[in-house]
Amino acid sequence: AQSVSQHNHHVILSEAASLELGCNYSYGGTVNLFWYVQYPGQHLQLLLKYFSGDPLVKGIKGFEAEFIKSKFSFNLRKPSVQWSDTAEYFCAVTRGSQGNLIFGKGTKLSVKP
Amino acid sequence: SQTIHQWPATLVQPVGSPLSLECTVEGTSNPNLYWYRQAAGRGLQLLFYSVGIGQISSEVPQNLSASRPQDRQFILSSKKLLLSDSGFYLCAWTGSNTDTQYFGPGTRLTVL
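Everything in this summary refers to the structure shown in the same document. (Residues numbered from 1 in each chain as written. Chains lettered and ligands numbered in written order. Predicted model: local features only at pLDDT ≥ 70, side-chain atom pairs only at ≥ 80, totals over all residues. Heavy atoms only, no water.)

Here the focus is the state of the cysteines. A full pass over the atoms with the stated rule returns two disulfides over all chains. There is a disulfide in this structure between Cys 23 of chain A and Cys 91 of chain A, and the S-S distance comes to 1.9 Å. Disulfide Cys 23 of chain A to Cys 91 of chain A: torsion about the S-S bond roughly -65°, handedness left-handed. Placement of the pair is Cys 23 of chain A in strand β4 (residues 23–25) and Cys 91 of chain A in strand β10 (residues 87–95), with a sequence separation of 68 residues. We note that Cys 23 of chain A, like Cys 91 of chain A, is buried. The residue that forms a disulfide with Cys 23 of chain B is Cys 91 of chain B, at a sulfur-sulfur distance of 1.9 Å. In this structure, the disulfide formed by Cys 23 of chain B and Cys 91 of chain B twists by about -75° around the S-S bond and is classed as left-handed. Note that Cys 23 of chain B is positioned in strand β3 (residues 19–26) and Cys 91 of chain B in strand β9 (residues 87–94), a separation of 68 residues in sequence. Accessibility classification places Cys 23 of chain B together with Cys 91 of chain B in one group, the buried group. (Disulfide = S-S within 2.5 Å. Helix = DSSP H or I, 4+ residues; strand = E, 2+ residues; numbered from the N terminus. Buried < 20%, exposed > 50% of the residue type's maximum accessible area, 1.4 Å probe, protein only.)

Spelled out as structure tokens, the structure:
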């Protein structure tokens, strides 16, 4: 069955540190890839997405992600985190034209001021 | 612009009681609608999705059911709640030509 793996359950960083959250998926066909973020007490919201084209995708708030097809990966990065980036981050995948998202278990990011 | 509403925001129910959670979308027509459950440390699990009125697909067999009586209304129900039904329930929508899903604020359900 298709699955999405997020390698870290909880990441703790100091402000200005660089961030990389891992995401791997198991499906071998055409995929659409997403990162969602859930700030404390807020809605789950879209951070960035990849459908096709340039595999390096820029999102909101300085986040970016790189799709590496050969590694089945879509890791999320930010060069310098801020305290306001404290949130839970979810990687998700849809298969081709289907709209059903398959989510990873999420990674909780805590940024110390 | 499109908005998605869920209610109630929080709910505490005894075991064995019925459940009805409502989700409505404004500003769009014929959306695809989804119900997810989010449990701590387990990510989001797709429960049901609907591509049109009266059309429901179940992803995981369990104690819950879903209905779509109107184009922009999606209801999650149970006849008898179990303790294991506790969790955070999220509704999401997407347009027919896009895979990007937009989520509602969620309902926190506690079954005691």
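Residues and elements named next belong to chain B. Side chains of strand β1 (residues 3–7) alternate between two faces, with Ile 4 and Gln 6 buried and Thr 3, His 5 and Trp 7 left unburied. Looking at chain direction, β1 and β3 are connected through five bridges and run antiparallel. Bridge pairing links Thr 3 to Glu 26 in β3. (Pairing = 2+ DSSP bridges.)

Take the packing of aromatic side chains next. Per the stated rule, a full pass over the model turns up 16 aromatic pairs over all chains. Taking 5.9 Å as the distance between ring centres and 70° as the angle between the ring planes, the aromatic pair formed by Phe 103 of chain A and Phe 103 of chain B counts as edge-to-face. With Phe 103 of chain A in strand β11 (residues 102–103) and Phe 103 of chain B in strand β10 (residues 102–103), this pair bridges two chains. Judged by its relative accessible area of 8%, Phe 103 of chain A falls in the buried class. Here the aromatic residues Phe 34, Tyr 36, Phe 51, Phe 90 and Phe 103 of chain A together with Tyr 34, Tyr 36, Tyr 49 and Phe 103 of chain B are joined through ring pairs into a cluster of three or more. (Phe/Tyr/Trp six-rings, centres within 6.5 Å; stacked < 30°, edge-to-face > 60°.)

All names here are of chain B. Taking burial as the measure, the six residues of strand β8 (residues 73–78) include six buried ones, the bulk of the element. Burial along β8 is two-sided: Gln 73, Ile 75 and Ser 77 and Phe 74, Leu 76 and Ser 78, pointing in opposite directions, are all buried. In this sheet, β8 lies alongside β3 in antiparallel orientation, the contact comprising six bridges. Bridged to Leu 19 within β8 is Ser 78.

Another point: the sheet that holds β3 of chain B. Residues and elements named next belong to chain B. What the four strands build is an open sheet, ordered β1-β3-β8-β7; its pairing is antiparallel. Every other strand in the sheet has two partners, leaving β1 and β7 (65–70) as the edge strands with one partner each. Across the sheet, the mean angle from the axis of one strand to that of its neighbour is 20°, orientation sign disregarded. (Axes fitted to C-alpha atoms, helices over the stretch in contact; angles between N-to-C directions.)

Opposite the 22 residues of chain A that make contact, chain B presents 18 residues. Of all residues in chain A, the largest losses of buried area upon contact with chain B belong to His 43, Leu 44 and Asn 100 of chain A, amounting jointly to 30% of the total for that side. Across the chain A-chain B interface, the total number found is zero salt bridges. Along the contact surface separating chain A from chain B lie four residue pairs in polar contact (both at pLDDT 80 or more). Elements supplying a minimum of two residues to the side of chain A that touches chain B: β5 (31–38), β6 (44–50) and β10 of chain A. When residues in the side of chain A that touches chain B are grouped by element, the largest group, four residues, is from β5 of chain A. Here the side of chain A that touches chain B is built from residues that sort into eight nonpolar, eleven polar and three charged. (Contact = heavy atoms within 4.5 Å. Buried area = accessible area lost by both parts, 1.4 Å probe. Salt bridge = Lys/Arg side-chain N within 4 Å of Asp/Glu carboxyl O. Polar contact = N/O pair within 3.5 Å; in protein donor to acceptor, adjacent residues only side chain to side chain. Nonpolar A, V, L, I, M, F, W, Y, C, P; charged D, E, K, R; others polar.)

Put simply, Trp 7 of chain B and Pro 8 of chain B share a cis peptide bond, and its omega is 0°. Its location among the elements puts Pro 8 of chain B in the loop between β1 and β2 (10–13). If you check the backbone angles, Lys 61 of chain A has positive phi at about 60° while not being a glycine. Counting through the fold element by element, Lys 61 of chain A comes out in the loop between β7 (56–58) and β8 (64–68). Positive phi, close to 55°, is recorded for Asn 30 of chain B, a residue that is not glycine. Tracing the backbone shows Asn 30 of chain B in the loop between β3 and β4 (32–39). Relative accessible area serves as the criterion here: at 40%, Asn 30 of chain B is assigned to the partly exposed category.

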